[in-house]
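Here is what each chain is made of, one letter per residue.
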Amino acid sequence: MNAVARNRFGFALRAVAPVAVVALAAAVLLRFPPTQYDFYPQCPIYALLHLQCPGCGATRALAALLRGHFAEALRLNALVTVTLAPGSVYAGVCYRRYLLCLRAGAFRWPQLPDGGIYAALAAACVFALLRNLPLRLL
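Just so it is clear, the structure is predicted and the values come from calculations on it, not from any experiment.

Further remarks concern the overall build of the protein chain. Counting its secondary structure elements, the protein chain contains 6 helices and 0 strands. A globule of 138 residues ought to have a C-alpha radius of gyration of about 14 Å, yet the protein chain, at 19 Å, is considerably larger. Residue burial in the protein chain is summarised as follows: out of 138 residues, 19% are buried. Taking all contacts inside the protein chain whose residues are at least 6 apart in sequence as the whole, residues at least 24 apart take part in 45%. On the protein chain, roughly 10600 Å² of surface is accessible, and the fraction owed to carbon and sulfur atoms is 69%.

So, on to the packing of helix H3 (residues 58-66) against helix H5 (residues 78-102). Where H3 contacts H5, the axes come no closer than 9 Å and their chain directions differ by 60°. Classified by the angle between their axes, H3 and H5 sit oblique to one another. Relative to H5, the crossing made by H3 is right-handed. Packed against H3, whose contacting residues are Ala-58, Ala-61, Leu-62 and Leu-65, the element H5 presents Val-80, Thr-81 and Leu-84 at the interface. Split into classes, the residues belonging to the contact of H3 with H5 amount to 6 nonpolar, 1 polar and no charged.

A surface patch of nonpolar side chains, about 420 Å² in accessible area, is lined by Ile-45, Leu-48, Leu-49 and Leu-51. Overall, Leu-49 belongs to the exposed group, its relative accessible area being 57%.

As a further point, take the state of the cysteines. By the definition in use, this model includes 0 disulfides. Cys-125 takes part in no disulfide bond, and the closest cysteine sulfur to it belongs to Cys-53, at a distance of 11 Å.

Attention shifts here to H5. In a regular helix each residue adds 1.5 Å, so 25 residues correspond to 36 Å; H5 covers 35 Å between its end C-alpha atoms and thus fits that length. Of all the bends found along H5, the most pronounced is centred on Leu-84 and spans about 45°, while Pro-86, a proline, follows it within four residues. When H5 is considered as a whole, its buried residues turn out to be Val-80, Thr-81, Cys-94, Cys-101 and Leu-102. The N-cap of H5, judged by a side-chain oxygen 3.1 Å from the amide nitrogen of Leu-79 a few residues on, is Asn-77.

Looking now at H3. By the burial criterion, the buried members of H3 are Ala-58, Ala-61, Ala-63 and Ala-64. Backbone geometry just after H3 places Gly-68 at a positive phi near 90°.

Once that is clear, we can look at the layout of surface pockets. Approximately 480 Å³ is the volume attributed to the largest pocket. Pro-41, Gln-42, Cys-43, Gly-57 and Arg-60 are, among the 20 residues lining the largest pocket, the residues nearest its centre. Counting residues per element, the ones that place at least two in the lining of the largest pocket are helix H2 (44-49), H3 and helix H4 (70-76). Residue contributions to the lining of the largest pocket peak at 3 residues, all from H3.

Following the criterion strictly, the structure yields 5 aromatic pairs and no others. Between Tyr-37 and Phe-39, the ring centres sit 6.3 Å apart and the planes meet at 50°, which makes this aromatic pair tilted. Measuring from ring centre to ring centre gives 4.5 Å for Phe-39 and Tyr-40, while their planes differ by 25°; the resulting arrangement is stacked. A connected cluster of aromatic rings, assembled from ring pairs, spans Phe-32, Tyr-37, Phe-39 and Tyr-40.

Basis of the calculations
Residues numbered from 1 in each chain as written. Predicted model: local features only at pLDDT ≥ 70, side-chain atom pairs only at ≥ 80, totals over all residues. Heavy atoms only, no water. Helix = DSSP H or I, 4+ residues; strand = E, 2+ residues; numbered from the N terminus. Rg over C-alpha atoms; globule rule 2.2 N^0.38 Å. Buried < 20%, exposed > 50% of the residue type's maximum accessible area, 1.4 Å probe, protein only. Contact = heavy atoms within 4.5 Å. Areas by Shrake-Rupley, 256 points an atom, 1.4 Å probe, with all protein chains shown as cover. Axes fitted to C-alpha atoms, helices over the stretch in contact; angles between N-to-C directions. Parallel < 35°, antiparallel > 145°, perpendicular 65-115°, else oblique. Left-handed = near helix turned anticlockwise from the far one by under 90°. Nonpolar A, V, L, I, M, F, W, Y, C, P; charged D, E, K, R; others polar. Patch = residues over 30% accessible without salt bridge, like charges linked within 9 Å, V, L, I, M, F, W, Y side chains within 5 Å. Salt bridge = Lys/Arg side-chain N within 4 Å of Asp/Glu carboxyl O. Disulfide = S-S within 2.5 Å. Expected span 1.5 Å × (residues − 1). Bend = angle between axes of the 7 residues up to and from the residue. Polar contact = N/O pair within 3.5 Å; in protein donor to acceptor, adjacent residues only side chain to side chain. 1 Å grid on protein atoms, 1.4 Å probe; cavity = no way out; pocket = protein on both sides within 12 Å on 5 of 7 lines; lining within 4 Å. Points joined across faces, edges and corners; volume = space filled by probe spheres on them. Phe/Tyr/Trp six-rings, centres within 6.5 Å; stacked < 30°, edge-to-face > 60°.

Okay, structure coming up:
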């Protein structure tokens, strides 16, 4: 194998790797649902404090979305379900930039505005507080 073919193979491998990882994760979630298998990581915050963090239920919500159960995914973790679409767009932008910069070797993550980061952190904190409030009606 000459150097040109080796470089093309390496380029193709690096270009396909992120998509392959996402596809593999989706296949594992579909084949081994989190509600039936115990090898998925448990939340340390819930284990220690018995409070649900903003990420609790995210794996189950993603598995429900892959099966087309949107209402169940919202019930399991509304924050992850709602932010999956903008997160996917951001991942697509990053992947496009990655492909464009792969040959040049100078990849930089797209920078989010500070206001967007603070808004996301505030939304996660509010979501965590609201989901841990006891709802008692009379």
